[in-house]
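Okay, here's what each chain looks like letter by letter:
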Amino acid sequence: GKDFPDLMSLLRSLGEANFLMTQYLCTEAIQSFKRLPMKQFNTGWVHVNIARCYMEMIKHSEAEKHFQEALRIEPYR
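Model, not experiment: these values are computed from the prediction. (Residues numbered from 1 in each chain as written. Predicted model: local features only at pLDDT ≥ 70, side-chain atom pairs only at ≥ 80, totals over all residues. Heavy atoms only, no water.)

A. Representation of the overall build of the protein. In terms of regular secondary structure, the protein is built from 5 helices and 0 strands. When the elements of the protein are put in sequence order from the N terminus, they spell out α-α-α-α-α. Here the protein has a C-alpha radius of gyration of 13 Å; the compact-globule value for 77 residues is 11 Å, and the two agree. Overall, the C-alpha framework of the protein stretches about 40 × 30 × 15 Å when taken along its three principal axes. In the protein, which comprises 77 residues, the proportion classed as buried is 30%. Long-range pairs, those at least 24 residues apart, make up 40% of the contacts in the protein between residues at least 6 apart in sequence. Put simply, the protein has 10 plus and 9 minus side-chain charges, and the middle of one group is 2 Å from the middle of the other. (Helix = DSSP H or I, 4+ residues; strand = E, 2+ residues; numbered from the N terminus. Rg over C-alpha atoms; globule rule 2.2 N^0.38 Å. Buried < 20%, exposed > 50% of the residue type's maximum accessible area, 1.4 Å probe, protein only. Contact = heavy atoms within 4.5 Å. Lys, Arg positive; Asp, Glu negative; His and termini not counted. Charge placed at Lys NZ, Arg CZ, Asp CG, Glu CD.)

Structure representation (structure tokens):
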């Protein structure tokens, strides 16, 4: 359908961000996550992964903000 290209673009963006995380390219991964559409950015999964990146960068206060946001959005996570 008409949504297929948008879905492929979204999956590509998520895959890129995830790949960058696996390479410990944390700054680049965070930038990649921040380029996601707002609806996808504002998910617990994205915020937890951004928090993990900040933890790797030893930026604990930034990590805490994203962990808290993930918990607020998805308290069951």
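B. Examining the side chain of H66 more closely. For H66, the position within the fold is in helix α5 (residues 60–73). Each residue touching H66, except ones within four places of it in the same chain, is listed here: H47, I50, A51 and Y54.

C. Inspection of the packing of aromatic side chains at higher detail. What the rule picks out here adds up to 1 aromatic pair. Each ring, one from F33 and one from W45, has its centre 6.0 Å from the other, and the planes form 75 degrees; the classification is edge-to-face. Separated by 12 residues along the polypeptide, F33 in helix α2 (residues 26–34) and W45 in helix α4 (residues 44–56) bring together distant segments of the chain. Note on W45: relative accessible area 33%, which makes it partly exposed. (Phe/Tyr/Trp six-rings, centres within 6.5 Å; stacked < 30°, edge-to-face > 60°.)

D. Structural detail: unusual backbone geometry. Backbone geometry at Y24 places phi at a positive 60 degrees, although glycine is not the residue there. Accessibility expressed as a relative area gives 57% for Y24, which makes it exposed. A positive phi angle, near 55 degrees, is found at I58, a position not held by glycine. Counting through the fold element by element, I58 comes out in the loop between α4 and α5.

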